[in-house]
Every structure is written in C-alpha cells, then in structure tokens.
Amino acid sequence: MEQKLQGIVLNGHGGFYQVLLDNGVCQTCHLRGKLRLNDYDGVWAGDRVWISIADDGGGMIEGIFPRRNFLLRPRIANVDQIVAVVAINNPPPDLLLIDKLLVAAEYQNISPLICINKCDLDKKNLTESIIGVYQTTGYPICVVSAVRGENIDGLLSLLRGKVSLLAGCSGVGKSSLINALLPEADLEVGGVSQRLQRGRHTTRYVSILQLAGGGLIADTPGFSLLDLPQKLEPEQLPRVYPEFQRCDSCRFDGCSHDKEPDCAVKKAVEQVTIDAERCRRYLKILNELRDREVKY
Ligand code: GDP
Ligand code: ZN
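Residues numbered from 1 in each chain as written. Chains lettered and ligands numbered in written order. Predicted model: local features only at pLDDT ≥ 70, side-chain atom pairs only at ≥ 80, totals over all residues. Heavy atoms only, no water.

A. Examining the coordination of the zinc ion (ligand 2) more closely. The zinc ion (ligand 2) binds to the protein through Cys250 (SG), Cys255 (SG), His257 (ND1) and Cys263 (SG); the donor distances cover 2.1 to 2.4 Å. Coordination at the zinc ion (ligand 2) is tetrahedral: its four donor atoms span angles of 100 to 118° at the metal. Within one chain, the residues serving as donors to the zinc ion (ligand 2) are arranged as C-x4-C-x1-H-x5-C. His257 matches Cys255 in its accessibility class, with the two residues each being buried. (Donors = N, O, S within 2.8 Å, 3.2 Å for Na, K, Ca; no water. Tetrahedral: all angles 85-135°; square planar, octahedral: opposite > 155°, others 65-115°. Buried < 20%, exposed > 50% of the residue type's maximum accessible area, 1.4 Å probe, protein only.)

Below you can see the structure in the form of structure tokens.
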C-alpha cells in the first residue's frame, strides 16, 4: 500500500529532494515528472509538498501546496521570519541597511526579528542605543555573541516552530550564528571552514537546516537580501513602518510624512515617541524609491 504524507522541502539538487515529513522523518524524494510543467517553476526549499512512498521506500513528490510567500534571491518559499543581523562592530552598524531589510520583510508579509551580534565588542553601550531606536517598532530584538555563545539559547527560542532566514551585510556573522546554533553545520566563516580550517570550494545552494528545539533555519550562501523589493511603490512605504501605523492620523489621507502640514509622524518625532534618525532614514528610502520611479 502506498503511503501519502506531507512535509517541507529542505533542499533540492541533482534531481533529489530532502523532505522533512510532518512525522519528523527526513525522506529523499524524486519529482513526479508532470510536476515540472506546472506554474511553480520547480520545487523550492521551503515548499510544502505531499509525497508518496513506494513499497521499496522510494519517495516521490506528488504535489505542491500554494506558497504563502516566496523570495527570488535566494529562491525559497514560505519563510516565516527574517532575522535582520547587525554587528556592534566590524563592520560598524549600518542602520539604513537594517531599515531596508525590515521594509523588505514587512512588504513581503514576513515577520522581522532584529539580531544584534558581536555584543562582546560593545564598549560604548551601542547595544542599548540600537535597542532604543527599534523599541517603538515592536519587533523582537535579540542580543547575542556568536563567537562567545552568548544568548544563543535566547535566539533559539525565538526561532522555535518557524522557518527563519538570516539577512544582513557581509561580515555581520550570519555563518557564525548558524554554526553557534547548530555546531555540526560547520559553515565557512570568512570563507574558511572552522573545523577543517580551509575553504570547501563546493557548489553552494539554499538549504534549510533543522535546529534542536524545533525551528528551521535557511542557509543561503551569497545572499544578503539587502535590495529593496522591485515592486515597492513610494506610497506604500509608510505602511511598512509599524510605529507610523500606530500614530494618530495625519491631516492628509495617504500622507507621506515628508513635507505635508499637520503630520502626526512629525509630531511624534518632536515628542520623541518615534526615533528621529529612523524617520530621517525613512525619508532617504522614500526619495530612493521616488528616484527609481523617475528612472523607469
Ligand atoms: P557573514 O559574512 O555574515 O556570514 O559573517 P561571518 O560569520 O563569516 O563572520 C565574519 C567575521 O566576524 C568572522 O571573522 C567571525 O569570526 C567574526 N564574528 C562573528 N560573530 C562574532 C561575534 O559574536 N563576536 C566577534 N568578536 N566576532 C564575531
Ligand atoms: Zn504624516
């Protein structure tokens, strides 16, 4: 008798797919030939699928469930959470990049989590000031040190039960964090495998890894997710700032919180309930989006 089961695709290459079944078993699968022709453009990491298992134990992906969301670069479906990673130093914190990441996550309906890494390098209470900036967003914030293993348990608990993806510029410690969360992953840090102390030079592909405690985390080598979404229009930008949404309404419907009079966001900045620098960076992103519109 053929069994029919559901699961999530962890990775796929060379015609083989690893599927984590809802019963916790990992099953290697092929793809039913006719599936290659449907609108899905293939089966991606993160896809929810149903599979059949033949009497000889071979698995076959029979169908893909509709995607809740998907990212093109890297190709991954059904991401629950984007972890925006920022380092205290080396490289110094770039909050404009973090804001762009938060915008991209909100726009795609993916919950953001802010992760402040390298807290062992904090000599000027920078951690406190970054927390201060983002407190009004309401996003969860987690302070860790990947190399010291500080608060990795705290991060693990925020990843539990979700598919998460680490984003942030090169050098902030994304690979180091995966290694801290999952020591057997042995990802290259600064291009070098920690265990083998040399580069692996292997072809890399998106792969979802299982964390102890039940969460899943995507290893997306070479992607930092720092581009603003292609289809994001300037008018949509205020809607992806949760602290702006909580303000009393502005005089004009669809206020861009730029030069309009009686702007509630501007008032909140004066009353210091919204961070002035975050608002200044918002205007910078807004102008970037407006410039982009003029060009195309
Ligand atoms: P990625 O480019 O974001 O994947 O960053 P990597 O994981 O490759 O780390 C870049 C560098 O930062 C490496 O030299 C790491 O050893 C270092 N690093 C990562 N996490 C920490 C940390 O918590 N504290 C300190 N001091 N260094 C770290
Ligand atoms: Zn306004």
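There is more to say after this.
B. Highlighting the packing of aromatic side chains. What the rule picks out here adds up to four aromatic pairs. An angle of 80° between the planes, with centres 5.1 Å apart, marks the rings of Tyr241 and Tyr282 as edge-to-face. Placement of the pair is Tyr241 in the loop between strand E15 (216–219) and helix H5 (242–245) and Tyr282 in helix H7 (residues 276–295), with a sequence separation of 41 residues. In this structure, Tyr241 and Tyr282 share a single accessibility class: buried. Look at Phe244 and Tyr282: their rings are 4.9 Å apart centre to centre, the planes differ by 85°, and that puts the pair in the edge-to-face class. One end of the pair, Phe244, is in helix H5; the other, Tyr282, is in helix H7, with 38 residues separating them in the sequence. Grouping residues by exposure puts Phe244 and Tyr282 together as buried. Joined through ring pairs, the aromatic side chains of Tyr241, Phe244 and Tyr282 make up one cluster. The aromatic ring of Trp44 is capped on one face by Arg67, whose charged end is 4.3 Å from the ring centroid. (Phe/Tyr/Trp six-rings, centres within 6.5 Å; stacked < 30°, edge-to-face > 60°. Helix = DSSP H or I, 4+ residues; strand = E, 2+ residues; numbered from the N terminus. Lys NZ or Arg CZ within 6 Å of the ring centre and 35° of its normal.)

C. Broad picture of the pattern of salt bridges. One pass over the full model with this rule turns up 13 salt bridges. We note a salt bridge from Arg67 to Asp47, for which the minimum N-O separation is 2.8 Å. Separated by 20 residues along the polypeptide, Arg67 in the loop between strand E5 (59–64) and strand E6 (70–71) and Asp47 in the loop between strand E3 (26–31) and strand E4 (48–53) bring together distant segments of the chain. The exposure class assigned to Asp47 is buried, which follows from its relative accessible area of 0%. Close ionic contact of Arg278 with Asp99 constitutes a salt bridge, the shortest N to O distance being 2.9 Å. Here Arg278, found in helix H7, pairs with Asp99, found in helix H1 (residues 95–107); they are 179 residues apart in sequence, far enough to count as distant. On the basis of relative accessibility, which here comes to 0%, the residue Asp99 falls in the buried class. Taken together, the salt bridges that share partners define one network made up of Asp99, Glu243, Arg278 and Arg281. (Salt bridge = Lys/Arg side-chain N within 4 Å of Asp/Glu carboxyl O.)

D. Expanded view of the sheet that holds strand E8 (residues 81–87). With mixed pairing, the six strands of this open sheet are ordered in space as E10-E9-E8-E11-E15-E14. Two strands bound the open sheet, and with one partner strand each, they are strand E10 (141–143) and strand E14 (207–210). Sheet twist, expressed as the average angle between the axes of neighbouring strands with direction ignored, equals 30°. Note: E14 against E15, four bridges, orientation antiparallel. Along E15, the bridge assignment pairs Ile208 with Ala218. The strands touched by helix H3 (residues 152–159) are E8, strand E9 (111–117), E10, strand E11 (163–167) and E15; relative to E9, the strand with the most contacts, the crossing angle is about 170°. (Pairing = 2+ DSSP bridges. Axes fitted to C-alpha atoms, helices over the stretch in contact; angles between N-to-C directions. Contact = heavy atoms within 4.5 Å.)

E. How the structure looks around the layout of surface pockets. A volume near 610 Å³ is recorded for the largest pocket. At the level of secondary structure, the elements contributing two or more residues to the lining of the largest pocket comprise E6 and H1. (1 Å grid on protein atoms, 1.4 Å probe; cavity = no way out; pocket = protein on both sides within 12 Å on 5 of 7 lines; lining within 4 Å. Points joined across faces, edges and corners; volume = space filled by probe spheres on them.)

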